[in-house]
Amino acid sequence: MKKTSTQVVPSRQAPGGEPLLVVDDLHVEFVTRQGVVKAVNGVGCSLNPGETLAVLGESGSGKSVTAQAIMGILDSPPARVTRGEIRFRGTNLLGLSEEARAQVRGRRIAMIFQDALSALNPVFTVGDQIGEMFRVHRGASRRDATKKAIELMDRVRIPAARQRVHDYPHQFSGGMRQRIMIAMSIALDPEVLIADEPTTALDVTVQAQIMELLGELRRESDMGLILITHDLGVVADVADKIAVMYGGRIVENALVHDIYRRPAHPYAKGLLDSIPRVDQKGQELYAIKGMPPNLLDMPTGCAFHPRCPYRQDNCVVDVPPLYEIGPTRASACHYWREVLDGSHG
Ligand code: SF4
């Protein structure tokens, strides 16, 4: 049996200046009737206080599985972490007992899920649901918990919070429900907040407002923010850096302005080219050809080769390593130089 520890994660920065959160060579697989699905294959990334990391990819790229592994909410079985570490303030979360992990989950690392309507309980008022965080975790009285709920609703800019604290989830719009979810997730002042597709079900204007709110909350409290998304367009103004995932691997790591200016991986370039632009009105929208890979039957060599316009013969055989192309940048493409030269630059 795997050895676990009941040690408590320290509240201060790890010695040696290690970032707040480090994901190191993470491997996650799912055992299914059809075979073993290798959902995450050697993912590595880091996050500092006050920083926003966007994790970008199509469905099945491994981005949500990585987030669930960080939260410790993977269903096991069928999921199993086969290798790697997730270090939070220098402590490997994967080595902790379930009890010690529960002390971190929701309190110090919190998560916002994409579907606010199904995540909220329809038979309790929003005040009860936000206040429950304080009653359960801080032993607050019902009256104090309601007061805290109003403060939090104000903080996430829900108008007339005092009047609306006794309303039910169905009485709020989709954008306001997502704000309620955000209020619940930040109730205990987490050091890391993971937002998994927080704006998917919302219209474009509300998406921008929710992103702006997350950016403001991050700045106010200096928490690290991980934004999981399939949409490069929504993270441009909020993220500091981006990890682009494909087929369970990170294929490009970069600062946000670098990737927008000159992507170094053909998949990242394809995602950028797919964003609608106001100066290209009337032109056909670019779409990356083909389908995401079948994780049960991954392509040989570079997993992106069946869809890649830059493909050469060796791409079908040789798996590209993550080439370091600068202090803050890496690309898993043998031909990253050609991609950089041929892109928006
Ligand atoms: Fe395309 Fe080859 Fe680069 Fe893969 S390694 S992204 S197939 S050029």
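Residues numbered from 1 in each chain as written. Predicted model: local features only at pLDDT ≥ 70, side-chain atom pairs only at ≥ 80, totals over all residues. Heavy atoms only, no water.

Draft legend 1. Molecular detail of the overall build of the protein. When helices and strands are tallied, the protein shows twelve helices and twelve strands. Since a compact globule built from 345 residues should have a radius of gyration of about 20 Å, the 21 Å found for the protein is in line with a globular shape. Projecting the C-alpha coordinates of the protein onto the three principal axes gives extents of approximately 70 × 60 × 45 Å. For the protein, the proportion of its 345 residues judged to be buried stands at 49%. Approximately 17,000 Å² of the protein is accessible, and the part contributed by carbon and sulfur atoms is 51%. (Helix = DSSP H or I, 4+ residues; strand = E, 2+ residues; numbered from the N terminus. Rg over C-alpha atoms; globule rule 2.2 N^0.38 Å. Buried < 20%, exposed > 50% of the residue type's maximum accessible area, 1.4 Å probe, protein only. Areas by Shrake-Rupley, 256 points an atom, 1.4 Å probe, with all protein chains shown as cover.)

Draft legend 2. Spotlight on the packing of aromatic side chains. Inspection of every chain in the model, using the stated rule, returns three aromatic pairs. A centroid spacing of 5.0 Å and a plane angle of 85° characterise the contact between Tyr246 and Phe304, whose relative ring orientation is edge-to-face. Placement of Tyr246 in strand β9 (residues 241–246) and of Phe304 in the loop between α11 (266–273) and β11 (323–326) is noted, with a sequence separation of 58 residues between them. Residue classification places Phe304 among the buried residues on the basis of a relative accessible area of 2%. Through successive ring pairs, a cluster of aromatic residues spans Tyr246, Tyr267 and Phe304. We note Arg164 situated over the ring of Phe172; from NZ or CZ to the ring centre the distance is 4.0 Å. (Phe/Tyr/Trp six-rings, centres within 6.5 Å; stacked < 30°, edge-to-face > 60°. Lys NZ or Arg CZ within 6 Å of the ring centre and 35° of its normal.)

Draft legend 3. View of the sheet that holds strand β2 (residues 35–47). Judged by pairing direction, the sheet is antiparallel, and its four strands sit side by side in the order β2-β1-β4-β5 without closing on themselves. Of all the strands in the sheet, the pair left with one neighbour each is β2 and β5 (91–92). Each of β1 (21–32), β2 and β4 (79–88) is contacted by helix α1 (residues 63–71), which is oriented at about 110° to β1, the strand it contacts most. (Pairing = 2+ DSSP bridges. Contact = heavy atoms within 4.5 Å. Axes fitted to C-alpha atoms, helices over the stretch in contact; angles between N-to-C directions.)

Draft legend 4. Structural context of unusual backbone geometry. At the junction of Ser76 and Pro77, the peptide bond is cis and its omega measures out at -5° in the coordinates. Tracing the chain through its elements places Pro77 in the loop between α1 and β4. Cis peptide bonds are those with omega within 30 degrees of zero, and the linkage from Pro77 to Pro78 qualifies with 10°. Summarising the element assignment, Pro78 is placed in the loop between α1 and β4. The backbone phi angle of Arg89 is positive, close to 50°, even though this residue is not glycine. Relative to the helices and strands, Arg89 resides in the loop between β4 and β5. Among the residues examined, Arg89 registers a relative accessible area of 11% and is labelled buried. Positive phi, close to 50°, is recorded for Asp189, a residue that is not glycine. With respect to the helices and strands, the residue Asp189 is situated in the loop between α7 (174–186) and β7 (192–196).

Draft legend 5. Looking closely at the packing of helix α4 (residues 126–138) against helix α5 (residues 142–155). Contact geometry of α4 with α5 gives a least axis separation of 8 Å together with a crossing angle of 110°. Between α4 and α5, the interaxial angle falls into the category roughly perpendicular. The interaxial crossing formed by α4 with α5 has right-handed handedness. From α4, Val126, Gly127, Asp128, Ile130, Gly131, Phe134 and Arg135 reach across to α5, where they touch Arg142, Ala145, Lys148, Ala149, Leu152 and Met153. (Parallel < 35°, antiparallel > 145°, perpendicular 65-115°, else oblique. Left-handed = near helix turned anticlockwise from the far one by under 90°.)

Draft legend 6. Representation of a positive patch on the surface. Together, Arg138, Arg143, Lys147 and Lys148 give the surface a local cluster of positive charge. Looking at the positive patch element by element, the count peaks at three residues for α5. On the secondary structure map, Lys147 appears in helix α5. (Patch = residues over 30% accessible without salt bridge, like charges linked within 9 Å, V, L, I, M, F, W, Y side chains within 5 Å. Salt bridge = Lys/Arg side-chain N within 4 Å of Asp/Glu carboxyl O. Lys, Arg positive; Asp, Glu negative; His and termini not counted. Charge placed at Lys NZ, Arg CZ, Asp CG, Glu CD.)

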